[in-house]
Each structure stands twice: as C-alpha cells, then as structure tokens.
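Notes for the structure review
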Amino acid sequence: MKRVRAFLYHFQLTLRLNFANKQPLVYGYLVPFFFLIAFGTIFRSGTPPLLHQMSQLVTISALGGACFGLPTALVAERERGWWRRYRLLPRALPSLLAGTLLVRVVLIASAAAMQILLAHLIYGTPWPAHWAHLAVGYAGVAWAFLGLGLLLAALAGDVPAVQALGQCIFLPLIMIGGVGVPLQALPAWTQRLAAFLPGRYAVDALGAGFTGDGRGAVFRFNLAALALIGLGAGLAGTKLFRWDSGRRIGPAARIWVVAALVPWVAIGLFALRTQRWPALAPGLADPAEAIASAQIDAIAYEGLPPDDGTVTPLAPPVQDFSPEEKERLNQLAARLELWAPGRVSPASQAMRSLISVAAVADASEDPLEGGIARLVFNHLCAHFKQDELEKGLASIVLYPAAGHVLTVMPELDLPDPIDAGIVRERDAIYAEKFLGRIRGRIND
Amino acid sequence: MTPALSLRGLSKSYGAVAAVRDISLDVGQGEIFGLIGPNGAGKTTLLECVLGLCRPDAGAITVQGIDARSHSATAMERIGAQLQTSALPDAMTPRQALRLCASFYARAAQPEDLIRRFQLEEKADAKFATLSGGQRQRLALALAFVNEPELVILDEPTAGLDPPARRDLHALIGAQRSAGRTIIFSTHFLAEANALCDRVALIDRGVLVALDSPEALIARSAAVPRVVVRTDPPLERLDLETLPGVVRMTPAGGAGIRGWCLETSALTRTITGLGPLIDSRRATLLDLQIHRPTLDDVFAELTGGRT
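Residues numbered from 1 in each chain as written. Chains lettered and ligands numbered in written order. Predicted model: local features only at pLDDT ≥ 70, side-chain atom pairs only at ≥ 80, totals over all residues.

Now for the overall build of chain A. Counting secondary structure elements, chain A contains 17 helices and zero strands. Overall size of chain A, expressed as C-alpha extent along the three principal axes, is 85 × 45 × 40 Å. Residues classed as buried in chain A amount to 50% of the 444 residues present. Nonlocal contacts in chain A, meaning residues at least 24 apart in sequence, comprise 79% of its contacts between residues at least 6 apart. (Helix = DSSP H or I, 4+ residues; strand = E, 2+ residues; numbered from the N terminus. Buried ≥ 20, exposed ≤ 12 C-beta atoms within 10 Å, placed from the backbone. Contact = placed C-beta atoms within 7 Å.)

Here you go:
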C-alpha cells in the first residue's frame, strides 16, 4: 500500500511539474497543434476532411513525444543528478520509472485528444468511427514508441545526443516508414523496407479507430507488431537504463540494441511473407501475383446484388443508350485510356483504381452508373491479360482493405466525393462480378 | 556492539586506476566519523560503494549488521545520504521533495518536522531553482534524514558554502549527535573534521593511511608546536638558543626581520623562559603567536602535502 501511495504521489507530482514547465508544454501541445494546422491546410478538402490523415497526424505526435520528449526529459534529469538521488531510495527505481512513463502516456494521449477535438472543431473532421479500437490502438502505439524512447534515453550520453538519436528514428519513420509520406508515393524498395519499421503498423492500428478500415485480423496483427516492438525496446531500455550520467554503456549494450531490433526484422519478414503487409501499392512487386488458384477457385460469387438493382448495377453487354449517353460514355472511355491511376504499377492497384470509377459512379447515383460499370469491365478486359486480371480482381475481393482507393474523380466527371469505406465495399462487389464473368461462373 | 558500518577488504578499480584498495574499517554506533584525503583519494568512491551507487570489485560491506551488497534495499532503509551532486527539478519545492522521498520508506519522518528541524520554513513552498546554496544544502541534509536513518552518509556537505552557512550546517550535524545517529562524512576542511569528528580516516590514493581520533593523530604526528615572537629591538639568535625546548629557529617577519619562529619540544617551558629574556634585553613585545600541530600537519605529513 505504501508503495502504491509512493507511485501515485510521484505520478501526480511529475505531472504537475511537467505542466509547470514551459518547454514540455511547447513541445507537447504547441508542436502537435502546428502539425494539425499543417495537415489541415493540405487535407481539409478531403472526404471527409482530414479523417484519413488523422492516424498519421496522431502517430507523428506520439512519435515526437516518445522519441524526443521522453528521452530528453530522462537524460536532462540524469545529467542534473535527480536519478542518482532517486537511486538512494529503497526499491524505488521501477516505480519511479513506471510513473515517469505513465506521465508521458498522459501527455501524449492528451495531445492526441487535443488534435482530435481541434480537427473536429476547425475542419469538421468526423469523430473517430470506433473509439474502442482507437483507445486500444493508441495504447499499442504508446507502448511501442515509449519503449523506443526509453532505449534512446539509455543510449544517449547527453541531451544533444538525444536529438541526434531521436532523428535517426523519427525521420526514417516519417519519410520512408509510411507515417508522413504515403507508402504509395515511395519506390518499391522503400515500401518493402517500411515493413521493417514500426511506423506503418502504428498508423494502421490508429486508422482502424478513425475510419474503421483494417479492423479484425489486420488490427490484431498491427497491435501484436507494436506490442513486440515495444517489448523489445522497453526491455533493452530498462536493462541499459542509466541513473547516473557518469555511468558509461559497455560493449554489451550492442547486444541489447540488436535484441531490441530483432522484433522489427521478424515482424517485417512475417508481414511480407504472409501478405499481411498493407502496402499493396504502386511500385511494389504486385502482391496479387501471390494469389493462388485455389484462392480464386474458392470465391463463391454468392449473395451478389442483382445487376439491375440500385447497388453495384452493371449494364448488359448490349444496351441501347440515348445519343447523349453514348457520347458521354465514349468520352469517358477515351479519358480512361489516358487516366493515370488506371495505368500505374502494380496492375492490381490500377485495377482497383479503375473499379473505383464504377464504385464512385454507383455510390453517387450517376444516371449512367450501370453503363459506366460495363465500360470499366470492358476496359479491364481489353487492357489486362486474363491471368493477370483474375489475380488482380481476386486480390480486390479477398483484400478489400488493401491498396489505395480513389474517392473522387473530377477529371472523369465524377466530382462528388464518396466515403472510402463505401468505395472499398463496392469495389469488392464489382470485382467479384467481373471475376465471375471472366471465369464463366456468372452468365453475362 | 554491532558496528554501524563495517568494511572488510573493500576494493574498487576503474580500468587501470585503483580508486579504493583493500580498505577495512569499523564505524561505531553514534560516532561522527570523518573521511579526509586529497582530491581523487577515493573518498567518494568508498561512500558510493557503501550506498550501492557503484559495485565494489571485492570486499564486504555491513550496515547495522546487514550485508549491504546482498540486501541493499534493506540496508538503504536504514541509511540516509547526501550526495555531492544531486539537484532536484527546478519547479519542485522542498516540501514536495521531502514528501516524495518519505513516501518510499517504511519508516519516515514527517516532512513538516524536517522543514522545521533544518530551518526551511520560509522556503518550504519555494521552487528549488530559487533556493540559495546554503538552503539547497540544508534541503539535501533534510532529505538525508527523511527516513530517520541510523547511519547518515554526507559527501562533502559543506563544499561551496560560505562560512556562515558552513557554521549553520556544523550546528545541524552536531545536533544529530544527541539523537544517537552515526554520521560519516567526507570533507576537504580539516578544521571541520577536527571540530566535529570523533574519529577520522585519512585516505590517500585509495589506501587507508591513518585511522584514529583527531587528537591521537595529531599526537602521533612528528610536527611540533611553534612560537612566533616579534620584539623591538629584535632578540638575538644566540639568546633564543638558550631557551628551553627550542629545537629549531627561523627568521619570521619578511624583509625587515623583527621576529623569530621557534619550533619547540616543550611549549610551556619555552614560553615561560621567553618573558624574562625579553625583560633582560629591555625589548618590547610586539606580537606572540602559538601554533599547535593540527590535522593539516598530519595530512601534509602523510600525503606528502598533496591536496
């Protein structure tokens, strides 16, 4: 009981001292606020505004708080001799360290809450779709990043070294780890490398809470990845923790650093080999190629909406359109030939983008929705080999949450933005309808 | 009676440098025990070994009969310590610091009582950053007593303090003697050790070179008392040589020599003989100084004058 009281007093005192200090407030809240404004300026016209970037934004803030805030505070305290003084207290170090970490969780979580609130108030960003997923995902993100922060604090000899070491983690994660720059914008080798970094797992774990995408098995995998990364770094950080600035790190530290990186490598290899890596994006060797015939054969084509219904309509191969309708379809066909998203690599991503045209037309209740879907089907058949097309469409059916979908296409006269979740859902249905026709399982 | 602290064969090296070499000593209950020695002698390393801040290479440390190496947490419940360098967070107040440290001990003093005892009432709720050097040292001392320790270890507690603050701290340390606590402290100020300590250990290059009461160490010293005498007109060397006990004499007083420094093996007899000599030479006594041997002399003798 005494120990719990000591822990609680240290926790609340550390929290109060943090709020009494300008520097943590600036780095903890003002910098995340600036990130919000920067993201808002760029993505405020998204649909819905900023929602799909919120997981990136919150990840960046958590990463900053963990990679810089925590180790800077710990190393500064160590340099001033606080931890040396604390070391004299009996059985106190684990409790003091846990209290310090918990305070940091409160600080970064409150900064995230501030970003969510302000994004809602300033840009009209919807509230997170799944609060429970967001809370659990955030716990995983905090665990992983604070583990890294603890390790950085142990390795850094002084405060300037924290900045240098922190940048070694922060910048790669932001630039090539899928946190700041979308994976689709990166070359293939970088996307593959990103599988070995914790950033994208954090973004996707939070994304499940914000948008509802990637829940279930994907969410559990992301959470497990973050848990392992945090565990490895946290163990190494605790083992190497220095309460005295005069105490140097020995050569054995290298072994602990390697041990902390083992989960990164293991998770990356596992993700890539088991198709769990979400980067089904241009530039990467087409993940659809790994789809097995048995997987395609197992698709049942059951329960699909009727072709003449309101959801995912598909015009028959031959249909009489008015001259105006014909004219519009011809123009659209001509534009699709040159449409960049329909020509990217890998092929499965191009197919996903093309099918999104039908999905957006359907969801926006375009008068020619059935005709547009037929046009897309014909375009796919004309531009992709059958084997390639079968695998690409199957990958959309089997992994609807993967890859990148387009939600608005003003260049194709489809200007009304549609929710990404709806587009993915309709993409999967259209892909199944098209695949059934190509394989002769659905009569056209 | 179980010693408050017992060291047996304690050794600690940093690479090729032996900071502490095979030191064995006992500190009795209720003693005020001083550790003196030149800079880098190994005093702080020795204290850090006792406090568990560094791991000795060899040797045994027993605190109140408890093996401090294998039961460090139990031992630390009974030790209070003040380190040479350990600041607190700038925004933390003395009251908060005392309450925080007290919360980790099974037995702890009331923070209010410590604030009163160490004269921190006026600054109890002031931020650490605003405390003066003396106030910070008093707070560090109060923190050392937060667990009502049986053994208190103070590493250079008066370093960097001005004379009034140092005197305050001496009074506070002296007051703890009546509470029956054992206090071990290291210091550069030999007069401080002389005034406060029951016994002192002199450490040089990691080796324990002397251990006894200040009086006994001085008595064992080869240094002899000195008498500096100045008269007008100055006394003659031949006259002074006749004084009883004088073993050596050197001119004193700089260029205009008006006095002599007499080293004597019989201080009382030398001074007694000085009066009639001055009278017989019709001289006027201008100044008379008596210097008895101190710990400084012992220190210089045993360490070769290194500081």
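Time to look at the pairing of strand β2 (residues 17–27) of chain B. For a regular strand, side chains alternate in direction, first toward one face of the sheet and then toward the other. As paired strands, strand β1 (residues 5–14) of chain B and β2(B) are joined by seven bridges and run antiparallel to one another. In the sheet register, Leu5(B) faces β2(B), and the bridge partner there is Val27(B). (Pairing = 2+ DSSP bridges.)

This paragraph deals with unusual backbone geometry. All names here are of chain B. Along the chain, aspartate 232 connects to proline 233 via a cis peptide bond; the corresponding omega equals -5°. Structurally, proline 233 can be placed in the loop between β11 (226–232) and α9 (237–240). Residues other than glycine seldom take positive phi values, yet glutamate 148 does so here, at roughly 50°. In this structure, arginine 282 is a non-glycine residue whose phi angle is positive, near 50°. Note on placement: arginine 282 falls in the loop between α10 (267–280) and β14 (284–291).

A few words now on the domain arrangement of chain A. Residues and elements named next belong to chain A. Per the domain assignment, the segments making up chain A are domain 1 (2–273) and domain 2 (287–438). Domain 1 puts eight residues into the contact, and the matching count from domain 2 is eight residues. Considering only residue class, the side of domain 1 that touches domain 2 consists of one nonpolar, six polar and one charged. (Domains from an automatic or database assignment. Nonpolar A, V, L, I, M, F, W, Y, C, P; charged D, E, K, R; others polar.)

What follows covers the sheet that holds β2(B). What the four strands build is an open sheet, ordered β2-β1-β4-β5 (chain B); its pairing is antiparallel. This sheet does not close on itself; its edge strands, each paired only once, are β2 and β5 (66–67) of chain B.

A few words on the sheet that holds β14(B). All names here are of chain B. With antiparallel pairing, the four strands of this open sheet are ordered in space as β12-β13-β11-β14. Edge positions in the open sheet fall to β12 (246–252) and β14, since each of these has one partner strand only. Ignoring strand direction, the axes of neighbouring strands in this sheet form an average angle of 20°. With seven bridges connecting them, β11 and β14 associate as antiparallel partners. Each residue of the ladder has a partner; that of valine 229, found in β14, is leucine 288. Sitting on the sheet, α10 touches β11, β12, β13 (259–264) and β14, and the angle it makes with β11 is about 5°. (Axes fitted to C-alpha atoms, helices over the stretch in contact; angles between N-to-C directions.)

Once that is clear, we can look at the packing of helix α14 (residues 347–363) of chain A against helix α16 (residues 386–398) of chain A. All names here are of chain A. Running from N to C, α14 and α16 point in directions that differ by 65°, and their axes come no closer than 9 Å. Crossing geometry of α14 relative to α16 is assigned as right-handed. Contacts between α14 and α16 involve Ala347, Ser348, Met351, Arg352 and Ile355 from the first element and Glu388, Gly392, Leu393, Ser395 and Ile396 from the second. Taken together, the residues of the contact of α14 with α16 sort by class into five nonpolar, three polar and two charged. (Left-handed = near helix turned anticlockwise from the far one by under 90°.)

Residues and elements named next belong to chain A. At a minimum axis separation of 10 Å, helix α2 (residues 22–43) and helix α5 (residues 93–123) run at an interaxial angle of 35°. The handedness of the crossing between α2 and α5 is right-handed. Across the interface between the two elements, Pro24, Gly28, Tyr29, Pro32, Leu36 and Gly40 from α2 touch Leu107, Ala111, Met114, Gln115, Leu118, Ala119, Ile122 and Tyr123 from α5. Here the residues of the contact of α2 with α5 sort into eleven nonpolar, three polar and no charged.

Below, the discussion takes up the interface of chain B and chain A. Across the contact, 22 residues belong to chain B and 21 residues belong to chain A. For the side of chain B that touches chain A, the elements supplying multiple residues, two or more each, are α2 (72–77) and α3 (94–102) of chain B. In terms of residue count, α3(B) provides more of the side of chain B that touches chain A than any other element does, four residues in total. Along the lines of polarity and charge, the residues of the side of chain B that touches chain A split into 16 nonpolar, four polar and two charged.

Moving on, we get to the pairing of strand β8 (residues 182–187) of chain B. Residue and element names in this part refer to chain B. Along β8, six of the six residues are buried, which leaves the element largely enclosed by surrounding structure. Here β8 shows no split at all, with Thr182, Ile184 and Ser186 on one side and Ile183, Phe185 and Thr187 on the other all buried. Examined bridge by bridge, strand β3 (residues 32–36) and β8 share five bridges and lie parallel to one another. Across the sheet, residue isoleucine 32 finds its bridge partner in β8, namely isoleucine 183. Here strand β7 (residues 151–155) runs beside β8; their pairing, made up of five bridges, is parallel. Bridged to leucine 154 within β8 is phenylalanine 185. After leaving β7, the chain enters helix α6 (residues 163–177) and then returns to the sheet as β8, a path that is right-handed. (Right-handed = clockwise from strand over helix to strand, strands pointing away.)

Right, let's get into the nonpolar core. Within the largest apolar cluster, 156 residues are counted, with the highest numbers of intra-cluster contacts made by Val141(A), Phe145(A), Leu226(A), Ala142(B) and Ile153(B). When residues in this core are grouped by element, the largest group, 15 residues, is from helix α6 (residues 131–155) of chain A. Discounting chain neighbours no more than four positions away, the residues touching Ile153(B) are Leu47(B), Val50(B), Leu51(B), Ile79(B), Ala81(B) and Ile184(B). Core analysis: the second largest hydrophobic core is formed by 42 residues, Ala373(A), Leu375(A), Tyr430(A) and Ala431(A) among them. (Core = buried A, V, L, I, M, F, W, Y, C linked by C-beta atoms within 7 Å.)

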